Amino acid sequence: MITVNFTEFRKNASALFSSVEAGETICVKRHGKEIAEILPIHIENKKLPSWKKKRIKLTVQGEDISKIIIEEREKS
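Bear in mind that the values here come from a model prediction, so they are computed numbers and not experimental data. (Residues numbered from 1 in each chain as written. Predicted model: local features only at pLDDT ≥ 70, side-chain atom pairs only at ≥ 80, totals over all residues. Heavy atoms only, no water.)

> Just checking my understanding: could you explain a negative patch on the surface for this structure?
On the surface, E63, D64, E71 and E74 cluster together to form a negatively charged patch. Locating E74 in the fold gives a position in helix α3 (residues 65–75). (Patch = residues over 30% accessible without salt bridge, like charges linked within 9 Å, V, L, I, M, F, W, Y side chains within 5 Å. Areas by Shrake-Rupley, 256 points an atom, 1.4 Å probe, with all protein chains shown as cover. Salt bridge = Lys/Arg side-chain N within 4 Å of Asp/Glu carboxyl O. Lys, Arg positive; Asp, Glu negative; His and termini not counted. Charge placed at Lys NZ, Arg CZ, Asp CG, Glu CD. Helix = DSSP H or I, 4+ residues; strand = E, 2+ residues; numbered from the N terminus.)

Spelled out as structure tokens, the structure:
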């Protein structure tokens, strides 16, 4: 467990959240008192946020869709 004071947490939030993603727990203190505990999400118990989910890559045989759109625009 990492223990940081509130000011240090604000200055280094990005790096600390990276530590949480890696499985570390963070305890945040203000004036020597614990005010927050930041825990990693256990994947088996929680759903992944949409931006973390694997996406299906769609492929279509033939011409690029962007080419088709450009050609249709030029026709109009």
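Past the structure itself, the notes keep going.
> Explanation requested: the environment of I41 in the structure shown.
Within the secondary structure layout, I41 lies in the loop between β3 (33–38) and α3. Accessibility expressed as a relative area gives 52% for I41, which makes it exposed. Between the alpha carbons of I41 and E21 there is a distance of 8.1 Å; along the sequence they are 20 residues apart. (Buried < 20%, exposed > 50% of the residue type's maximum accessible area, 1.4 Å probe, protein only.)

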